[in-house]
Amino acid sequence: MKVIKGIPVSPGVTIAPAFVFADDASDIPEYAIEPDHVPEEIARYHEASRLARQEIEALRDKAKSEAGEEQAAIFDAHLMMLEDPDVLERIEREINETLRNVEAVLLAFETEMIETLSSSPDPLIQERVSDVHDVVRRILGHLLKRERLSLADLEADVVIIAKELLPSDMVGMARSRVKGIVTEAGGRTSHAAILARAFQIPAVLGVGHGLVAQVRHGQEIFIDGDKGIVVIEPDATMVQRQRLAMSAKLERERADRELRDKPAIMKDGTPIRLLANIEVPEEVENVLEYGADGIGLFRSEFLFLGGHVPGEEEQYRAYRKVVEALNGKPVTIRTLDIGGDKVLPELGAAGDKNPLLGWRAIRFCLEKTEIFKTQLRAILRASAHGKVKIMFPMISTLDELIRAQGLLAEAKWECKAHGYAMDSAIETGIMVEVPSAAICADVLARSCDFFSIGTNDLTQYTLAADRGNEKVSYLNEPYNLAVLRLIKMTVSYGNHAHIDVSLCGEMAADPVSAVLLAGLGLRSLSMSAPSIPAVKRMLMSVSLEEASSLAHQALNLNSSTQVSAMLNSRLNR
Ligand code: PEP
Ligand code: MG
């Protein structure tokens, strides 16, 4: 039994066998070969691609019977690439000429293909990047005699053990099979953490370097996502702990259901709107189940991270489904927030030297105007089916906001020209998540209908500390004085301009922080749906006067540790 500590990011206790996910190019050997070993090396390639073909054919048949022709076509494209005589000829020639092992030749082929495809102006050609990657990884898996590590094809319950999980890994994985997640990197507000909470998968992140090397495939793993504890090969006491946690969870769920239809009203009668954050349309079930007052943040980029880039029709259908399910309650759709850790090589959103400070979100959309307007048209069309709002991410200057509004006006004209119904007075707002936006919120408030404060990025950018890097996680904590001041400032500028101000960072999901936020003037909070009942319960137990007094004290303390201790003691936690 070995105990490891990490950052608790998604609650729950679980035990399941490890699935070690280390799909890392740095593990692939590259070496020179003797000329007389060339035929042997080429034979290795043939055998590996034969096995890959069998595997793809089986996947294609499975996709056809379970998901239909459209999904199966992806695998037909993979087979075509695998059987392409030009590719085969090239691999054989390169092994012959460069006298390098087949793995090295394949990697070089992959890099070159990806560069060529992603620089094409045609989005259909750009989309082929993920196919090339998938086929090459599959052949490499057989060459290296590794089990194919795909999170999408999990066939038994597992705890995923990884260096890092990207948002695209999280979206693509077979969710019902994933009982827990442990990663070396990551922090409380990293996207893997946000998604783990949304999908209600217990998770401990940021356990530090060396985890992947310590755990073997299939070893039993215990996770306590409330305390941040991971145990390799747990003993009987841990099994008992898991049983107790399961029954406590059932009890909590019963109590949560009783709260579902009650409004969140503080003791003095002040109402607080509790909205949900969602990443994928399937989460709508949770939004209704936990009694959210609407959707405060639909992270639309996750529709793009599932393996292909959706067009206008597909996006329209996805947004419409969510809007109709909400039955008149508001749905705030955030436009594509790609870049940073949400890489999308198919669209050219990858490879920045400083991704978090680079070509991200609205910066990307203002240049890729066709991608942006396609999305805006899809959202506008969905607005004919309920209450929809549009939100622009990562706005740093007024100029960006005005340009985004200009493109929205063009998208409205295009919808009109096609005769599409829409809400032409659709409300538009911005995420306040870059310090410059908070500091100049008075100026920005004149050109939009609402603000939503994104404390995850606002904290990361104010403290200059990557939210996914466990080594600086001590800086990415919620009660930093600079961040609290920026929140207060944004709320007061918003109130002054009579526009709505909400907050949709992870801070809103913590019951104690929610009281502080109410005290700082917020009347609307958006969080992962399963967090709503606990936040509601806490807000119902205090008055606005108490919350304001706590906020006043917090702003007069200098360290976040002091703020945390003060809040926890005053709120009996
Ligand atoms: C934020 O930055 O606080 C936010 C809500 O957006 P995301 O977590 O998607 O970056
Ligand atoms: Mg953000």
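Presented here is an overview of the structure given in this document. Only a predicted model underlies this, so the values are computations on that prediction, with no experimental measurement involved.

With that settled, consider the overall build of the protein. From N to C terminus, the protein includes 23 helices and 16 strands. Computed over the C-alpha atoms, the radius of gyration of the protein is 25 Å, within 12% of the 25 Å expected from 2.2 N^0.38 for a compact globule of 573 residues. In terms of overall dimensions, the protein has a C-alpha envelope of 85 × 65 × 45 Å along the principal axes. Burial statistics for the protein: of 573 residues in total, 54% are counted as buried. Intrachain contacts of the protein at a sequence separation of at least 6 include 69% that bridge at least 24 residues. Total accessible area on the protein is roughly 24500 Å²; 53% of this is exposed by carbon and sulfur atoms.

Take the site of ligand 1 next. Near ligand 1, the surroundings consist of 16 residues, among which Arg299, Arg334, Gly454, Asn456 and Arg467 are the closest. For ligand 1, an oxygen atom lies 2.8 Å from a polar atom in the backbone of asparagine 456. Mapped by element, the contributors of at least two residues to the shell around ligand 1 are α8 (191-198), β10 (295-299) and α18 (455-462). At three residues, the largest contribution of residues to the shell around ligand 1 is made by α18. When the residues that make up the shell around ligand 1 are grouped by side-chain class, the tally is four nonpolar, five polar and seven charged.

A few words on the sheet that holds strand β3 (residues 13-21). The strand order β1-β8-β7-β3-β4-β5-β6-β2 describes an open sheet built from eight strands, whose pairing is mixed. Each edge of the sheet is formed by a strand with only one pairing partner; in this case those strands are β1 (2-5) and β2 (7-10). Taken pair by pair, the neighbouring strands of this sheet meet at an average axis angle of 30 degrees, ignoring direction. Sheet analysis places β3 next to strand β7 (residues 220-224), joined by five bridges and oriented antiparallel. Across the sheet, residue valine 13 finds its bridge partner in β7, namely aspartate 224. Strands in contact with α8 are β2 and β6 (203-205); relative to β2, the strand with the most contacts, it is inclined by about 45 degrees. Across the sheet, helix α10 (residues 236-259) lies against β3, β7 and β8 (229-232), angled at about 115 degrees from β3, the strand it touches most.

Right, let's get into α18. Count 3.6 residues to each turn of an α-helix, and residues three or four apart come out pointing the same way. Most of α18 is tucked away, with seven of its eight residues classed as buried. Two residues or fewer past α18, alanine 464 is found with a positive phi of approximately 50 degrees.

This paragraph deals with the coordination of the magnesium ion (ligand 2). For the magnesium ion (ligand 2), the protein coordination sphere consists of Glu433 (OE) and Asp457 (OD), at 2.0 to 2.1 Å. Separated by 24 residues along the polypeptide, glutamate 433 in the loop between β13 (427-432) and α16 (435-439) and aspartate 457 in helix α18 bring together distant segments of the chain. Aspartate 457 shares its class with glutamate 433; the two are buried.

Looking now at the environment of glutamate 30. Residue position: glutamate 30 is located in the loop between β3 and α1 (38-67). What glutamate 30 contacts, discounting residues up to four positions off in sequence, is Arg100, Asn101, Ala104 and Leu107.

To continue, consider the packing of helix α20 (residues 511-519) against helix α22 (residues 544-555). Their axes nearest at 7 Å, the elements α20 and α22 cross at an angle of 90 degrees. In this view, α20 runs roughly perpendicular relative to α22, as classed from their interaxial angle. Within the contact between the two elements, α20 uses Val515, Leu516, Ala518 and Gly519 and α22 uses Leu544, Ala547, Ser548, Leu550, Ala551 and Ala554. Here the residues of the contact of α20 with α22 are counted per class, giving eight nonpolar, two polar and no charged.

Criteria and thresholds
- Residues numbered from 1 in each chain as written.
- Chains lettered and ligands numbered in written order.
- Predicted model: local features only at pLDDT ≥ 70, side-chain atom pairs only at ≥ 80, totals over all residues.
- Heavy atoms only, no water.
- Helix = DSSP H or I, 4+ residues; strand = E, 2+ residues; numbered from the N terminus.
- Rg over C-alpha atoms; globule rule 2.2 N^0.38 Å.
- Buried < 20%, exposed > 50% of the residue type's maximum accessible area, 1.4 Å probe, protein only.
- Contact = heavy atoms within 4.5 Å.
- Areas by Shrake-Rupley, 256 points an atom, 1.4 Å probe, with all protein chains shown as cover.
- Near = heavy atom within 4 Å.
- Polar contact = N/O pair within 3.5 Å; in protein donor to acceptor, adjacent residues only side chain to side chain.
- Nonpolar A, V, L, I, M, F, W, Y, C, P; charged D, E, K, R; others polar.
- Pairing = 2+ DSSP bridges.
- Axes fitted to C-alpha atoms, helices over the stretch in contact; angles between N-to-C directions.
- Donors = N, O, S within 2.8 Å, 3.2 Å for Na, K, Ca; no water.
- Parallel < 35°, antiparallel > 145°, perpendicular 65-115°, else oblique.

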